[in-house]
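Listed here are the chains, written in short residue letters.
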Amino acid sequence: MTGNVEHLTFEFGVNVFVGRPNTGKTMWLQTLDFLLGDTGANPYEQSDAEGLAEKYEAASATICIGGQTFRIERRWREAGSKGKVFVDDEGMLAKEFQHWLMEKLGIPLVNFPKGNPMSGQTWPELSFRTLLRHIFRQQRFWSDLVDKQTDNEKHASLLLFLGLAERIYSNDYGKLVELKLKSMRLRARREQYNETLNDLAVDLLDSEDATFGVNETTVTAALKRLQNEIERLQTRKLEVLTAASDASLPASERSRIAELGHGRAAALEEATEARQKLLATEDRLAEVRRYRADLAAEIERMARVADASELLADLKVTHCPACDQGIIPYQKPDHCFVCHQHLPEEPEIAGLGEVRLQFEQDRLKAELLEAEELIVILERDVDKQTMAYRNADETLRTIEVELAPARRAVAAVAQTEVSAVDVALGKAAERQRQMSRVAAALELGNNLTNQIQALEDEIKPLQEKVDEANRSIDFSAAAQKLEEGMNAYLDALNVQRPDTWKHNMVEIDISKSSTSFRVGRKRWRGALGGTDTLYFLMAYQYGLLSLSPISGMHYPGLAIIDVPGEFSGEEVKDSENFIVQPFIDLLAQEAFEGAQLIITGASFTGLQSVHVQRLTYVHVA
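This structure is a prediction, so every number in the text was calculated from the model and none was measured. (Residues numbered from 1 in each chain as written. Predicted model: local features only at pLDDT ≥ 70, side-chain atom pairs only at ≥ 80, totals over all residues. Heavy atoms only, no water.)

A. Just the overall build of the protein chain, in detail. Each helix and strand in the protein chain was counted, giving 15 helices and 14 strands. Counting over 621 residues, the protein chain shows a buried share of 38%. Considering only contacts within the protein chain whose residues lie at least 6 apart along the sequence, 69% involve residues at least 24 apart. Roughly 36200 Å² of accessible area belongs to the protein chain as shown, and the carbon and sulfur atoms make up 51% of that amount. (Helix = DSSP H or I, 4+ residues; strand = E, 2+ residues; numbered from the N terminus. Buried < 20%, exposed > 50% of the residue type's maximum accessible area, 1.4 Å probe, protein only. Contact = heavy atoms within 4.5 Å. Areas by Shrake-Rupley, 256 points an atom, 1.4 Å probe, with all protein chains shown as cover.)

This is the structure:
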């Protein structure tokens, strides 16, 4: 490594970058490509030439955008600089640099769908690197409009160059797709939910309802029939017990048994209420005890703070809290040596902290005292309610003991029939509970329906807005601009060398979702042979460059064409000057001031109004 700096200078207009094969033209352009945001480790990692990444340690370029000049640099051997692009010595990650470059070029950032917009995939960002594939045609990529790029990326890039992408892939369109996807997912969820609910609940329905599936009407009807059945069984059970009671108990005891029954119900209600009050009071007591423990711990912490304040009171600030430099004593003793403000009286400062601590301690002690008093009251309530619960429970047990003989007498008479009614009643009650769960589940289905309807209410006006925006887009006019540029290049070739292009003119169709290039009625790839394909691809680069000055379009006014070693079946030399002349004539127009073409070749001598950058040293392996 010699420390020497190698440099090239390209000017506005047409630059012919010439030299024999293996003089490094492609390597220079590869370095420029790396400077423009490639995410690789160095510009030569894909090169067959070994050692270049070690021979060179950095590369830079001075670029002019809109009259402003910037220096961009990559330093692949400097620690911490790999993957960064330095713009005027400010380091940026490659993606940040692409955003910066798009902003400077006035190209809007858009996200586009890769494939079907409704596929649910995340929309990737249309990056400058994707656009650069159209701007810089590398020597190895001469078989397609843009080699190794998906149709969706090609289409989105063209839409952006033509000023249509930001209108098609708008925020409204992105939101519309998001809402439609949510609606689709909810619909699928509702359908699956309904099918599952039908499979699980159809056995709970009566035969006359099962044919209609599970819905609000059938579930409501089933619940009503079950409630009627439960009431009928309860009435039947009461009739059986009454008849058994009449048959098994003397008339003199029936009034006493009825009285005991009412007493049992009242005692059971009283015992239940007492139990609930007891549990609530015990919970409250436990809560207050936890609060008292927290207060005691806080008081202990405050005591530790008071002890620490006495120990730390005499410590002084020795370093600035902002810059950590040592404090220089201030000359005025009645001023603070840190903030230089006038000091109040010493006792006031010394006493402020103690007063605050004492106030907080007094407050906590008062709360602790209140908590202890409340605990005493709650403990008395617990004892009182415990006694009330025991009394109610004892009364209930006494009544149960007195009722036991009568129950046994009645059970002996009606046991079998009552058991049968109880079994039927249990089955009906269980079905009722299950049907209630089905009714609750149907409510979830209704919620899904409501959510779908709310989404549809949002989708409708947004769909109309997006459709209206799309209707206002003139795809034909945009396609015609690119079409005119390509055909202008092919006409210029025929002027330079008659019958070079013998085919029909190029026709371009662009829609919201696709782009097609035709020569006459045929797809261009099926219509053209090898040489004509090269002319067609040169026309594509010319057509894109011709968009640069058109208002509303976003092509950046730069084309880099690394011509293959053979063009038209022969070496690219003076006889092929005619492929460059249309670009010279185009960029000579006033509207293209500041635009630039860099094109490689073996010679290109004799061309007028071009800047020549020549390489002579042949690198031999």
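B. Local environment of the side chain of glutamate 153. Checked against the element boundaries, glutamate 153 lands in helix H5 (residues 151–161). A distance of 3.4 Å separates a polar atom in the side chain of glutamate 153 from a polar atom in the side chain of lysine 114. (Polar contact = N/O pair within 3.5 Å; in protein donor to acceptor, adjacent residues only side chain to side chain.)

C. Quick peek at the side chain of serine 81. Summarising the element assignment, serine 81 is placed in the loop between strand S3 (68–74) and strand S4 (84–87). Since its relative accessible area comes to 3%, serine 81 is described here as buried. A distance of 2.6 Å separates the side chain of serine 81 from the side chain of glutamate 78, its partner in a polar contact. Those residues in contact with serine 81 that lie beyond four places of it in its chain are Arg75 and Phe86.

D. View of the sheet that holds strand S6 (residues 136–137). Strand order in the open sheet made by the 5 strands is S6-S10-S13-S1-S14, with parallel pairing throughout. In the strand order of this sheet, the two ends are held by S6 and strand S14 (611–614), each with one partner. Alignment of strand S1 (residues 13–18) against strand S13 (residues 596–601), held across 6 bridges, turns out to be parallel. If you follow valine 18 over to S13, its bridge partner there is glycine 601. Contacts from helix H1 (residues 25–35) reach S1, S6, strand S10 (558–561) and S13, with the element oriented near 145° to S13. (Pairing = 2+ DSSP bridges. Axes fitted to C-alpha atoms, helices over the stretch in contact; angles between N-to-C directions.)

E. Local environment of the packing of helix H12 (residues 475–496) against helix H14 (residues 530–545). It is at 8 Å that the axes of H12 and H14 come closest, and there the two elements cross at 125°. Classed by the angle they form, the pair H12 and H14 counts as oblique. Considering only the axes of H12 and H14, their crossing is right-handed. Taking contact as the criterion, the partners of Leu482, Gly485, Met486, Ala488, Tyr489, Leu490 and Leu493 in H12 are, on H14, Tyr535, Phe536, Met538, Ala539, Tyr540, Tyr542, Gly543 and Leu544. Looking at the contact of H12 with H14, its residues break down into 13 nonpolar, 2 polar and no charged. (Parallel < 35°, antiparallel > 145°, perpendicular 65-115°, else oblique. Left-handed = near helix turned anticlockwise from the far one by under 90°. Nonpolar A, V, L, I, M, F, W, Y, C, P; charged D, E, K, R; others polar.)

F. Focus on empty space enclosed by the protein. Within the structure shown, the criterion is met by 1 cavity of 30 Å³ or more. One number sums up the size of the largest cavity: a volume of about 40 Å³. Around the largest cavity, the lining residues are Arg133, Phe136, Arg137, Gln138, Phe141, Leu145, Val146 and Asp147. (1 Å grid on protein atoms, 1.4 Å probe; cavity = no way out; pocket = protein on both sides within 12 Å on 5 of 7 lines; lining within 4 Å. Points joined across faces, edges and corners; volume = space filled by probe spheres on them.)

G. Structural detail: the pattern of salt bridges. Evaluation of the coordinates by the stated rule reveals 26 salt bridges. The residue arginine 187 makes a salt bridge to glutamate 456 at a minimum N-O spacing of 3.2 Å. Pair noted here: arginine 187 is in helix H7 (residues 171–201) and glutamate 456 is in helix H11 (residues 346–471), with a separation of 269 residues, a long-range link. In this structure arginine 187 comes out as partly exposed when scored by relative accessible area, which is 37%. Between arginine 518 and aspartate 509 there is a salt bridge, with its nearest N and O atoms 2.2 Å apart. (Salt bridge = Lys/Arg side-chain N within 4 Å of Asp/Glu carboxyl O.)

H. Structural view of the packing of helix H4 (residues 128–135) against H5. At a minimum axis separation of 10 Å, H4 and H5 run at an interaxial angle of 85°. As the angle between them shows, H4 and H5 are arranged roughly perpendicular. Each of Thr130, Leu131, His134 and Ile135 in H4 lies in contact with H5, whose residues at this interface are Glu153, Lys154, Ser157, Leu160 and Phe161. A class-by-class count of the residues in the contact of H4 with H5 yields 4 nonpolar, 3 polar and 2 charged.

I. Just H5, in detail. With 9 of 11 residues buried, H5 is to be regarded as a mostly interior element. Of all the positions in H5, only Glu153, Lys154, His155, Ala156, Ser157, Leu158, Leu159, Leu160 and Phe161 are classed as buried. The positive-phi residue at the C-terminal boundary of H5 is glycine 163, with phi of around 75°.

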